[in-house]
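One-letter residues, chain by chain:
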Amino acid sequence: MSDEPFRLSLIEIMNNDLLNDFVNCIFDYNLKKDEYVYIQYKIVNGNIILNIFDNSEDNRFKAYIFTDNETETQDDDIIYVNVGTCYQEYKNGNKNKLILLGALLKSDNKDEKKEIIKSLFDNNIKNILIDNFI
C-alpha cells in the first residue's frame, strides 16, 4: 500500500489550505471555508487509519481504515476500505471517489496512478498527488 506518498500528499494538501476541498471531494463532506477539519493519520498493523473530526454543525467523527484485509465489521463511524476490492472495482469502471482513492493506494503502475489521480481532481490537489505518487 502506498502509505508514504499518501502521508506526504496530505501534509502538502494541508499546508496549501486545500484540506477541506480534499475531504469534501473524497469523503462526501460539505465543509465551508469557515469550518475546519482535523485529520489524524496513523499506520496500525499495515493499515492506514484516518480519523477525521470536523467543527461543522454535525461535529462528526469518522474513522476510515484503508486495509488489504477483508473485514465484516462496519458501522456509521468506522468505515473499512479494502484497497484490493477498490482496485478491482476501479478496473471494472467504478468512478466513486473513495473507491478511486483506495485503488490509488493499491496500484503499482505509474500510468494507472496518473489516470486515477486525474479522475479524482483537476486542480492543485491533482498536482500535489502526482508529485508525491508518481
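Residues numbered from 1 in each chain as written. Predicted model: local features only at pLDDT ≥ 70, side-chain atom pairs only at ≥ 80, totals over all residues. Heavy atoms only, no water.

## A word on the pattern of salt bridges
Defined as follows: In what follows, salt bridge is the name for a side-chain nitrogen of Lys or Arg lying within 4 Å of a carboxyl oxygen of Asp or Glu. Numbering goes from the N terminus for both helices and strands, where a helix is a DSSP run of H or I of at least four residues and a strand is a run of E of at least two. Only protein chains enter the accessibility calculation, which uses a 1.4 Å probe; a residue whose area is less than 20% of its type maximum is buried, one above 50% is exposed, and one in between is partly exposed.
As enumerated under the stated definition, the model contains three salt bridges in all. Here Asp-68 makes a salt bridge to Lys-106, at a shortest N to O gap of 3.3 Å. Taken together, the residues Asp-68 in the loop between strand S3 (61-67) and strand S4 (78-82) and Lys-106 in helix H4 (residues 97-106) connect sequence positions 38 residues apart. For Glu-112, the salt bridge identified is with Lys-91, shortest N-O distance 3.0 Å. Linking Glu-112 in helix H5 (residues 110-120) with Lys-91 in helix H3 (residues 83-91), this pair joins segments that are 21 residues apart in sequence. Glu-112 gets classed as buried once you look at its relative accessible area, which sits at 11%.

## Things to note about the layout of surface pockets
Note the cut-off: Residues are said to line a cavity or pocket when one of their atoms sits within 4 Å of a point; the points come from a 1 Å grid over protein atoms alone, cavities being sets where a 1.4 Å probe fits but cannot get out and pockets being open sets with protein on both sides within 12 Å along at least five of seven lines. Grid points are joined across faces, edges and corners, and a volume is the space filled by probe spheres set on the points.
Taken as a whole, the largest pocket spans an internal volume of roughly 170 Å³. Every residue lining the largest pocket is listed: Arg-7, Leu-10, Ile-11, Met-14, Leu-19, Val-37, Tyr-38, Ile-39 and Tyr-41. For the lining of the largest pocket, the secondary structure elements donating two or more residues are helix H1 (3-15) and strand S1 (37-44).

## Brief notes about the packing of aromatic side chains
What counts is decided by this rule: Between the rings of Phe, Tyr and Trp (Trp by its six-membered ring), a pair exists once the centres lie within 6.5 Å; its type follows the angle of the planes, with under 30 degrees stacked, over 60 edge-to-face, and the other angles tilted.
Applying the stated criterion to the full structure yields eight aromatic pairs. A centroid spacing of 6.2 Å and a plane angle of 45° characterise the contact between Tyr-87 and Tyr-90, whose relative ring orientation is tilted. Taken as a pair, Tyr-87 and Tyr-90 lie in helix H3 at a separation of three residues, close to a single helical turn. The pair formed by Tyr-87 and Tyr-90 is uniform in burial state, with each residue classed as buried. These aromatic residues form a ring-pair network of at least three members: Phe-22, Phe-27, Tyr-64 and Phe-121.

## Comments concerning the packing of H3 against H5
As a reminder, the rule being used: As a rule, the C-alpha atoms of each element are fitted with a line to give its axis, helices using only the stretch in contact, and angles between N-to-C directions run from 0 to 180 degrees. Throughout this description, any angle smaller than 35 degrees is read as roughly parallel, any larger than 145 degrees as roughly antiparallel, any in the 65 to 115 degree range as roughly perpendicular, and the remainder as oblique. Residue contacts are defined here by distance: any two heavy atoms, one from each residue, within 4.5 Å place the two residues in contact. Polarity classes work like this: nonpolar for Ala, Val, Leu, Ile, Met, Phe, Trp, Tyr, Cys and Pro, charged for Asp, Glu, Lys and Arg, and polar for all others, with Gly in that last group.
Across the interface, H3 lies against H5 with an axial gap of 13 Å and an inter-helix angle of 80°. Here H5 runs roughly perpendicular to H3, going by the angle between their axes. Judged by residue contacts, Tyr-87, Tyr-90 and Lys-91 of H3 engage Glu-112, Glu-115 and Ile-116 from H5. Among the residues forming the contact of H3 with H5, the class breakdown is three nonpolar, no polar and three charged.

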